Amino acid sequence: MRVLRYHAGLFPTNYGYVAVLLDDPAYTAQGPDAESAERALSDLMSLAHKENPWMSPGDCQDFQSLVVPVELRPEYRIGNQVLPQEFYWEFRFPCAVGEVASGLRMCVVPWLGLQFYFEAERSLRELVGHYVQESLKGLSPALLLRHVCGEQLQIRRIRVKRPTRTQDKQKERWKDLESVAELAHSSGEKGYGREEALKALIKNLQAGLSVAIIGPASVGKTTLINEAARRSRNIWRTSAARLVAGMTYLGMWEERCERVISQLGQANGVLAVESLADLIRQGGSDPGGSLAAFLTPYIVDGQLQMVVEASASEWQACRRLLPGFADLFRVLPLEAMNDVQSGEVLAWVRTGLRIQLDLDETLLSLFRRFSPYEALPGSAVRFLRHLGRGPRAAELTRAKAISAFSQKSSIPEEFLLDEIALDPEELMARISARVIGQPEAQQAALRIITAFKAGLQDPGRPLGVLLLCGPTGVGKTELAKTLAEVLFSDEKRLIRLDMSEYAGTGAAERLLGSLYDKSPASWLRELRQKPFSVVLFDEVEKAHPEVFDVLLRAFDEGQLCDPWGRVTSLRTAVLLLTSNLGAEQQNALGLRQVQAGDYSQALRRFFRPELINRMDAVVPFRPLTPEVVRQVAGREIEQLQKRPGLQRRGIVLKPSEACLDYLARVGYDLRLGARPLQRLIERRLIPELTALLSRQAAPEHIIVEMDGDRFILTGF
C-alpha cells in the first residue's frame, strides 16, 4: 500500500465538522467531530484513487490560514427584474494560502469550494473579494445568511492509502493509452492571466463537449489545457504522429486507436491533441482516410471527447478539407496578450526564477519585433526561462540577454541595440567592397539595412522586396549574399530558387507544397527553420503566371499559407527577384547592350503593374566595365586567400598587375558576365598552387605573375 499525504481544511458547522481537500475543493466530507470528518475525507480519497489512479497531491506546500472580510450586497429578483439593496453586509471568510513550486501562490476558500492562483500578497484580499462576490452574486438576504460561516479553520495533513496492486492492474488495462499519451497536468507550466478562457474550457469539457482552442503559436493553448487538467479533468495529451507511430501494416493504427478510445472511456478521460492539422494529414493518403476522419464517428457517438489546438489558418483549412470533423468542436478563441498582460506574466516568471533584473520591456520589445511565428508572451517566457537556468541567473544583465537573443536569431547586436549607431559610410564601404560597380544596388541594400536598424519597415510586409534586373554575372547573387551577411551574420542564410523549375501548370502548388505531399515545399521548410534569411527568386520571368499570384500575396501580407493551413512568415526575410529582361536585345548585327531605361520598359511590358507596384524598388545592374572587372578579379584573389589550405599555412597571395589584367580580360564575357572568372581561377590558378605546395616548403608570400597565358607562382 502506498500512502499519499494531502492537505485538508476542517471547519465547524451547526451539524458537526466539514473536511475539504485543499488540493481540490471538489472533494468534501462530513463528521460529528474533526477527527471523524478527517477520516471520512481520507476514505473518500482512497475510493477516488481506485477509480482514478492517476491522481496525486498538488504541489502547494505549507498552507496557512487567514480570515478575509468581504462586503456583499443582497438582491431581490422579481421575474426578470433585479432589485439590489441599499446596504452591504460584511462577511468574514476563512481562507487557506500556500506557495507552489514555481513561486506562484494558491488560495482556497473552503466554505465555498473556491480555488485560485495569485502572485502578489497585496492583491490577495481584492481577489478573494472578487471571487466570493462572483460566487454569491444575486442572492437575497435570506440566502446570503445561509453562507454565514465561522472564522475557525484547521489545516491538517491527511493520509490516503492507494493500493499498489490495483494501480498496477489499471496500468496494464491502460497499456495502449499510456504508450501514446500522458496526463496533461504532469507539466510544470501554470496558467496565468487566462481565467475567463480557463472557465470556458472547463465548462465545455464538463458538459461533455469537444473543444478546439484557436490561436497563434505560443499564445498559451497548451498551458491552458494543462491548467484545466490540473484543476478539474483527466486529460491525456498526445499527437497524431504518436498515434500512428510504428504502425506499418494496413489497419494497425485503426486497431490501436480503437483500444485507446476504449481505455479513455474506462478512465473517463479527454484526449488532447496538440495539432489539428496533423490529425488531418496523418493516417491515410487524403483527408478522407485520415486520423480525423477515423475519429469522427466516435466523437459523434459520445465515445470520445477531445480538445485540439490549432491556428486560425489551420482551422480554416480543416473546415475546407474535412468540414464534418470541424463541426464537432466548440470553438474557444484565444487571443494574444497585450503588452501590459505579457509584462505581468514575465514579471511572475521572473519572480519564480529568482531573477532580480527587470528585463520585461526589453524582451517584449525584442520578441514583438523579431518573433514572426510566436505570439506573446509564450516565446518571451521560454527565452526568459532559458536565461534563468543555472546558479548564476541572478547575475544576468541586459547585455547578456541581448547577446543570447542575438545568438538565437542570428541578428547582429548592433541591430538590436538602439544605443549602437550604424555609420552609413562604413556600411556603404562594406557593401561596395562586395557589390562592385553597381551604385543603384549599393544604395538599395543600404536603404534596407538602415530601415531595418531603425525599425521603420512595414511590420506586415517583408523587410524588403527588390527586383534586380540586368545581365548575368554582374553581381545580383553577390548582393543577396551581402545582405545575408550584413543583416544576419552569415551569407549562407540565403535561400535560392530557380524559377525555371516553376514554369509549367501546377507551378503554384509546387511552390507551396501540394496537398498530397503533406509537408510544405523545401524552401518554405528551410525558411521556417531560419526565418531571418534572404530569399532569391532567380530568373523570375521564367515562372508560370500563377506563381505571380502567390508572390503578390507574399509581398502584400508578408506570409504564405500551404494547403494544410500552415503559415510561413516572410516578414523577417528580404525577398530578391532577378530578371534578365531588357539586358540584351537582338538586332541585325547581333547582340547589343541596352541602356538603363530599356530595363524598365521591358519589365513593364512583361510583368503585371500590380506586381511591379508592390516592390520596393527595381534595381538595374550595369554590364561590368574593364576597370570593374579588374576590381572583381582582385576580390576573387582575396576570397581565395581565405581558403583553409592557405590560412593554415599562413600564406599571403599577391597578384601582379599583369595577372589582374589577364583575369579581367579572359574572365569576363558579355553574355555571362564575370562568371567565367571564377572558373578560370579554379581550373588554371588552383592547380598551379596545388603543385607548388606539394613540391616544396610553402613560402610565406607568393606573387602571381603571368607568362603569356600561364600563371607563374614565385615566393618573395
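The model shown is predicted, which means the values in this text are computed figures rather than measured ones.

Colleague: How do you make sense of the overall build of the protein when you look at a structure like this?
Modeller: In terms of regular secondary structure, the protein is built from 29 helices and 28 strands. Over its C-alpha trace the protein gives a radius of gyration of 34 Å, far above what one expects of a compact globule, namely 27 Å for 716 residues. Overall, the C-alpha framework of the protein stretches about 115 × 60 × 55 Å when taken along its three principal axes. For the protein, buried positions account for 51% of its 716 residues. Long-range contacts, defined here as pairs at least 24 residues apart, represent 70% of the contacts in the protein between residues at least 6 apart. For the protein, the accessible surface area stands at approximately 34000 Å², while carbon and sulfur atoms represent 48% of it. Charged side chains in the protein number 89 positive and 88 negative. The centres of these two groups are separated by 3 Å.

Colleague: Could you clarify how one ought to interpret unusual backbone geometry in this entry?
Modeller: Most peptide bonds take the trans form, and the phi angle of most residues other than glycine is negative. Even without being a glycine, asparagine 268 presents a positive backbone phi close to 55°. Inspection of the secondary structure puts asparagine 268 in the loop between helix H9 (252-266) and strand E14 (270-273). Classification of asparagine 268 as exposed rests on a relative accessible area of 53%. Here serine 410, not a glycine, exhibits a phi torsion of approximately 70°, which is positive. Mapped onto the elements, serine 410 comes out in the loop between helix H17 (398-409) and helix H18 (424-434).

Colleague: Sorry, what's going on with the nonpolar core here?
Modeller: Burial of nonpolar side chains together is a common tendency in soluble globular proteins. Grouped together as the largest cluster of nonpolar side chains are 102 residues, with contacts concentrated most on Leu483, Leu487, Val534, Leu576 and Leu663. With 8 residues, helix H29 (residues 675-695) is the largest single contributor of residues to this core. Aside from chain neighbours lying at most four places away, what touches leucine 487 is Ser410, Ile411, Pro412, Phe415, Ile448, Ile449, Phe452 and Val574. In this structure, Val260, Ala310, Leu322 and Ala326 belong to the second largest nonpolar core, which totals 56 residues.

Colleague: I'm lost on the sheet that holds strand E25 (residues 617-620) in this one. Help?
Modeller: Two orientations exist for strands paired in a sheet by backbone hydrogen bonds: parallel and antiparallel. The strand order across the open sheet formed by 5 strands is E18-E19-E22-E17-E25, and the pairing between neighbours is parallel. With partners counted over all chains shown, the strands left at the sheet margins are strand E18 (494-498) and E25, one partner each. Between one strand axis and the next, the sheet turns through 20° on average, direction left out of account. Where strand E17 (residues 464-469) lies against E25, 4 bridges are found, and the strand directions are parallel. Among the inter-strand pairings, leucine 468 is bridged to a residue of E25, identified as valine 619. Relative to E25, helix H19 (residues 439-454) is tilted by about 145°, and along the sheet it contacts E17, strand E22 (574-579) and E25.

Colleague: Would you take a moment to explain the pairing of strand E19 (residues 534-538) for this structure?
Modeller: Look at any regular strand and the pattern is simple: side chains alternate between the two faces of the sheet. With 5 of 5 residues buried, E19 lies mostly within the body of the structure. Going residue by residue along E19, you find Val534, Leu536 and Asp538 tucked away on one face and Val535 and Phe537 tucked away on the opposite face as well. Bridge count for E18 against E19 is 5 bridges, and the pairing is parallel. Within the sheet, the bridge partner assigned to leucine 494 lies in E19 and is valine 534. As judged from the 4 bridges shared by E19 and E22, these two strands associate in the parallel manner. Looking at E22, one finds that valine 535 is bridged to leucine 575.

Colleague: What's the story with the environment of isoleucine 612 in this structure? I'm lost.
Modeller: Note that isoleucine 612 resides in helix H25 (residues 609-613). Residue classification places isoleucine 612 among the buried positions, given a relative accessible area of 6%. Taking the C-alpha atoms as reference points, isoleucine 612 and leucine 467, separated by 145 residues in sequence, lie 8.4 Å from one another. In contact with isoleucine 612, not counting residues within four places along its chain, are Leu467, Arg604 and Phe607.

Colleague: Explain the pattern of salt bridges here, please?
Modeller: Between side chains of opposite charge, pairing is possible as soon as their charged atoms come close. Applying the stated criterion to the full structure yields 25 salt bridges. The shortest N-O distance in the salt bridge between glutamate 151 and arginine 92 comes to 2.6 Å. With a gap of 59 residues between them, glutamate 151 in the loop between helix H3 (141-145) and strand E10 (154-162) and arginine 92 in strand E7 (residues 89-99) connect regions that are remote in the sequence. The partner of arginine 368 in a salt bridge is aspartate 339, and the shortest N-O contact between them spans 3.1 Å. One end of the pair, arginine 368, is in helix H15 (residues 360-370); the other, aspartate 339, is in helix H14 (residues 339-352), with 29 residues separating them in the sequence. Taken together, the salt bridges that share partners define one network made up of Arg434, Glu478, Glu491 and Arg635.

Colleague: Mind showing me how you'd approach helix H26 (residues 626-641) here?
Modeller: Each α-helix winds once per 3.6 residues, and so residues spaced three or four apart point in a common direction. Over its 16 residues, H26 extends 23 Å from the first C-alpha to the last, a length consistent with the 22 Å expected when each residue adds 1.5 Å. Of the positions making up H26, those classed as buried are Val628, Val629, Arg630, Val632, Ala633, Gly634, Arg635, Glu636, Ile637, Leu640 and Gln641.

Colleague: Explain a positive patch on the surface here, please?
Modeller: Among the surface-exposed residues, Arg5, Arg157, Arg159 and Lys161 lie close enough to one another that they form a single positively charged patch. Counting residues per element, the positive patch draws most heavily on E10, at 3 residues. Following the sequence through the fold, lysine 161 ends up in strand E10.

Colleague: Looking at this structure, how should I read the sheet that holds strand E28 (residues 710-715)?
Modeller: The strand order across the open sheet formed by 3 strands is E26-E27-E28, and the pairing between neighbours is mixed. What marks the edges here is a single partner per strand, and that holds for strand E26 (652-655) and E28. Here the average twist between neighbouring strands, direction ignored, is 30°. In the sheet, strand E27 (residues 701-707) pairs with E28 via 6 bridges, with the strands oriented antiparallel. Each bridged residue has a counterpart across the sheet, and for glutamate 705 the counterpart in E28 is isoleucine 712.

Colleague: I tried to follow the confidence of the model for the protein on my own but got confused; where do I start?
Modeller: This prediction gives the protein a mean pLDDT of 85; 93% of its residues lie at or above 70. Across the protein, the element-wise mean pLDDT spans from 40 in strand E24 (residues 590-593) up to 97 in E19. A low-confidence stretch, residues 586-594 (pLDDT under 50), is modelled with 15 contacts involving residues beyond four sequence positions or located in other chains.

Colleague: Just checking my understanding: could you explain the state of the cysteines for this structure?
Modeller: Think of a disulfide as a covalent bridge from one cysteine sulfur atom to another cysteine sulfur atom. For the structure shown, the criterion picks out 0 disulfides. For cysteine 318, which is in no disulfide, the shortest distance to another cysteine sulfur is to cysteine 561 and amounts to 13 Å. For cysteine 318, a relative accessible area of 0% gives the class buried.

Colleague: Would you mind going over helix H28 (residues 657-666) with me for this structure?
Modeller: Listed as buried for H28 are Cys659, Leu660, Tyr662, Leu663 and Ala664. For H28, the secondary structure elements touched by its buried residues are H26, E26, H29, E27 and E28.

Basis of the calculations
- Residues numbered from 1 in each chain as written.
- Predicted model: local features only at pLDDT ≥ 70, side-chain atom pairs only at ≥ 80, totals over all residues.
- Heavy atoms only, no water.
- Helix = DSSP H or I, 4+ residues; strand = E, 2+ residues; numbered from the N terminus.
- Rg over C-alpha atoms; globule rule 2.2 N^0.38 Å.
- Buried < 20%, exposed > 50% of the residue type's maximum accessible area, 1.4 Å probe, protein only.
- Contact = heavy atoms within 4.5 Å.
- Areas by Shrake-Rupley, 256 points an atom, 1.4 Å probe, with all protein chains shown as cover.
- Lys, Arg positive; Asp, Glu negative; His and termini not counted.
- Charge placed at Lys NZ, Arg CZ, Asp CG, Glu CD.
- Core = buried A, V, L, I, M, F, W, Y, C linked by side-chain atoms within 4.5 Å.
- Pairing = 2+ DSSP bridges.
- Axes fitted to C-alpha atoms, helices over the stretch in contact; angles between N-to-C directions.
- Salt bridge = Lys/Arg side-chain N within 4 Å of Asp/Glu carboxyl O.
- Expected span 1.5 Å × (residues − 1).
- Patch = residues over 30% accessible without salt bridge, like charges linked within 9 Å, V, L, I, M, F, W, Y side chains within 5 Å.
- pLDDT = per-residue confidence, 0-100.
- Disulfide = S-S within 2.5 Å.

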